[in-house]
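# Overview (structure and organization)
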Amino acid sequence: MSLDTHFVAGSWRRGADRLDIRNPSDLDELAGSYTLATADDVRDAVAAARAAQPVWRAATVEQRSLVLDSISRALFDRKDELARIAATEGGKTIPDALGEITRAGHLARFFAAEALRAPGETLGSVRPGVEVDVTREPVGVIGLVTPWNFPVATPMWKIAPALAFGNAIVWKPSEKTPGISVAVTRIVAQALAEHGMPTALFNMLVGAGPQVGAAVVDAVDAVSFTGSVNTGRRIAVRCAERMVRVQLELGGQNPLVVLADADPGRAADIAVNSAYFHAGQRCTATGRLVVEDGIHDAFVAAMTERMAALRVGHSLLPDTQIGPVIDEFQLTKNLGYIESGLREGAEVAAGGTRLDRPTRGWFLAPTLFTGTSNAMTINREEVFGPVASVIRVRDYEEALAVANDTDYGLSSGIITNSMKHARHFQANVQSGMTMLNLPTAGVDYHVPFGGRKMSSYGPREQGRSAIEFYTIIKTAYRAL
Ligand code: NAD
């Protein structure tokens, strides 16, 4: 097994300290051995990216589009191999991992087209004989700092637009998912090389956040970050001090409102998917089920019936629906939230405990709390595990007020047949994304992604909005 984990200045490099990753479904299995980069590696990576960027900036839009097209094809062609790596080191089920990699392939394909139609405009001036061009230029070297829960799609929705619009990249993925980050890097490097472009414009370093991540943040021209609120806040402060642009996608405590006119079975199907699939480790997962009085008991009964049938287990077994949580840290944190719920008076309607399976792993039973209030810690903070709480409300007006009473604002949802309430909710819920009769998690790749309040900061990612972050506008005046 190669310990050459980092891709710096066009070649693979070994770090100083060793990093062993165990399979979260089977702790007796070593998923892979890697090494950790240091701040010196970051310095080399940023210098290489800076030196290579002018070549990429000067490339034609077609050359950039072709590179992205090659990345997209490789993601589709190698999805089975990539899914196995993601499942083995990150605990995703194979269908979840395949879904993520397919999405990443579509993201690269979308930006292959966007590269071709990068816009600009020519306008008349208020002064006679003068014309004005408004054009977009690359920002330079972009630092990408990403988490472990979507280790292919989240990086790709940053890598693809960064490349499409002519930037070089230094990527610091999560140190919990090095294997899949190495695999994605090989694909990007090969696509650049295939089209005669310098591979040094794409660099990847696996390392600890406070050292390697922070060194990247301190050296690049812009930072696109996805992760927790605390880390994001620190990064935003550093970027403000250096006056470089920053984009943050952070956590959520996403509400799903269930109104009394809904079908309890349909509502429970949506809620189970929303709260528990991917072991609840989605920033758009539902944490709060805000349920109208009239449907409360029928909804809770439908939930517990479905939850009893969920198959939690080894992520590579074909009938597993929900794999383990990623590591001991996450399991301990989730169990701590379950304890806090009990301490503050919530009742466990399902789950609440660690699960034993034939292999030693970080398995947690999908957990449903009832009798909770929106003031409880489990409803104020992001749990980031398979845990959701029912908050009982009198009517739609209270449901909307509870949904909005949160520091977060990433995603939200409502389950109802009432057009009036659906439209009112869409217009008044304070979240960046909102769903009618759909899970709060699960988004398309060609439209903007992002939130409000503490969930996002800076311009939106994905879709046609992505150009705002990855380009700088130049306004050029011309006397004829
Ligand atoms: P995290 O904040 O601990 O880490 C994210 C990344 O930041 C990692 O690569 C980490 O090494 C790095 N990092 C840590 N400290 C750093 C520092 N001081 N300077 C620079 N980099 C640093 O988050 P995590 O535990 O990996 O991911 C889970 C979190 O991500 C959850 O809160 C989840 O909601 C959020 N998330 C948000 C979205 C979204 O788009 N809104 C998507 C996925 C995950």
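Quick look at the structure, then.

## What to know about the site of the ligand
Neighbouring the ligand are 27 residues, the closest being Thr-146, Lys-172, Ser-228, Leu-250 and Glu-382. Between an oxygen atom of the ligand and a main-chain N or O atom of Gly-227, the distance comes to 3.3 Å. Take Glu-382: an N or O atom from its side chain is 2.6 Å from an oxygen atom of the ligand. Against a free-state accessible area of 840 Å², the protein chains account for coverage of 90% of the ligand. Sorting the residues of the shell around the ligand by element identifies α7 (209–217), β10 (222–226) and α8 (229–242) as the ones contributing at least two each. Element by element, the count of residues in the shell around the ligand is highest for α7, at 4 residues. Of the residues assigned to the shell around the ligand, the class counts are 13 nonpolar, 10 polar and 4 charged.

## Focus: the pairing of strand β6 (residues 130–138)
Taken residue by residue, a regular strand's side chains alternate between the two faces of the sheet. Pairing of strand β5 (residues 121–124) with β6, which is carried by 4 bridges, proceeds in the antiparallel orientation. Within β6, the residue paired with Glu-121 across the bridge is Val-134. Connecting β5 to the next strand, β6, in antiparallel fashion are 5 residues, including Gly-129 with a positive phi near 75°.

## A word on the side chain of Glu-382
Looking at the element boundaries, Glu-382 is found in the loop between α12 (377–380) and β16 (387–393). Within the buried core, Glu-382 has no salt-bridge partner, and the shortest N-O distance to an opposite charge, that of Lys-333, equals 6.0 Å. Within the structure, the side chain of Glu-382 is placed 3.1 Å from the backbone nitrogen of Gly-252, a separation counted as a polar contact. Apart from residues lying up to four places away in sequence, Glu-382 is in contact with Gly-251, Gly-252, Cys-283, Tyr-337 and Tyr-408.

## Thoughts on the pattern of salt bridges
This model, assessed by the stated rule, comprises 27 salt bridges. Two residues, Arg-50 and Asp-221, come together in a salt bridge whose shortest N-O distance is 3.1 Å. Here Arg-50, found in helix α1 (residues 39–58), pairs with Asp-221, found in the loop between α7 and β10; they are 171 residues apart in sequence, far enough to count as distant. Close ionic contact of Arg-238 with Asp-218 constitutes a salt bridge, the shortest N to O distance being 2.8 Å. You can see Arg-238 sitting in helix α8 and its partner Asp-218 sitting in the loop between α7 and β10, a full 20 residues away along the chain. Under the relative-accessibility criterion, Asp-218 is labelled partly exposed at 33%. Here the residues in one salt-bridge network are Arg-13, Asp-40, Asp-41, Arg-43 and Asp-44, joined through shared partners.

## A short note on the sheet that holds strand β20 (residues 471–479)
Pairing in this open sheet of 3 strands is antiparallel, and the strands run β5-β6-β20 from one edge to the other. One side of each edge strand has no neighbouring strand; the edge strands of this open sheet are β5 and β20. Averaged over all pairs of adjacent strands, the angle between strand axes in this sheet comes to 25°, irrespective of strand direction.

## Quick notes on the sheet that holds strand β17 (residues 411–415)
An order of β14-β15-β16-β13-β12-β17-β18 is seen for the 7 strands of this open sheet, with the pairing classed as mixed. Each of the sheet's edge strands pairs with one partner strand only, and the pair in question is β14 (347–350) and β18 (433–436). Pairs of neighbouring strands in the sheet enclose a mean axial angle of 25°, with direction left out of account. Pairing geometry for strand β12 (residues 254–258) and strand β13 (residues 286–292), over 5 bridges, is parallel. Looking at β13, one finds that Leu-256 is bridged to Leu-289.

## Quick notes on the nonpolar core
By size, the foremost hydrophobic cluster in this structure holds 91 residues, and its most contacted members are Leu-68, Ile-71, Met-156, Ile-159, Leu-163 and Leu-205. Of the residues that make up this core, three or more belong to each of domain 1 (6–249 + 446–479) and domain 2 (254–436). Residues within four places of Ile-159 in sequence aside, it is in contact with Leu-144, Ile-169, Trp-171, Val-184, Val-188 and Phe-202. Core analysis: the next-biggest nonpolar cluster, separate from the first, contains 43 residues, Ala-302, Met-307, Ile-322 and Ala-365 among them.

## Regarding helix α5 (residues 153–164)
The end-to-end C-alpha distance of α5 is 16 Å, a good match for the 16 Å that 12 residues give at a rise of 1.5 Å each. The buried fraction of α5 is high, at 12 of 12 residues. Within the sequence span of α5, burial applies to Ala-153, Thr-154, Pro-155, Met-156, Trp-157, Lys-158, Ile-159, Ala-160, Pro-161, Ala-162, Leu-163 and Ala-164. Just downstream of α5 lies Gly-166, where phi reads positive at about 95°.

## Observations concerning unusual backbone geometry
Trans peptide bonds make up the majority, and among non-glycine residues the majority have a negative phi. Positioned with a positive phi, His-278 is a non-glycine residue whose angle comes to about 60°. Position of His-278 relative to the elements: it lies in the loop between α9 (264–276) and β13. Accessibility expressed as a relative area gives 15% for His-278, which makes it buried. Unlike most non-glycine residues, Ala-279 shows phi in positive territory, near 50°. When you line up the elements, Ala-279 lands in the loop between α9 and β13. According to the relative accessible area criterion, Ala-279 is buried, its value standing at 2%.

Thresholds, definitions, all that
Residues numbered from 1 in each chain as written. Predicted model: local features only at pLDDT ≥ 70, side-chain atom pairs only at ≥ 80, totals over all residues. Heavy atoms only, no water. Near = heavy atom within 4 Å. Polar contact = N/O pair within 3.5 Å; in protein donor to acceptor, adjacent residues only side chain to side chain. Areas by Shrake-Rupley, 256 points an atom, 1.4 Å probe, with all protein chains shown as cover. Helix = DSSP H or I, 4+ residues; strand = E, 2+ residues; numbered from the N terminus. Nonpolar A, V, L, I, M, F, W, Y, C, P; charged D, E, K, R; others polar. Pairing = 2+ DSSP bridges. Buried < 20%, exposed > 50% of the residue type's maximum accessible area, 1.4 Å probe, protein only. Lys, Arg positive; Asp, Glu negative; His and termini not counted. Salt bridge = Lys/Arg side-chain N within 4 Å of Asp/Glu carboxyl O. Contact = heavy atoms within 4.5 Å. Axes fitted to C-alpha atoms, helices over the stretch in contact; angles between N-to-C directions. Core = buried A, V, L, I, M, F, W, Y, C linked by side-chain atoms within 4.5 Å. Domains from an automatic or database assignment. Expected span 1.5 Å × (residues − 1).

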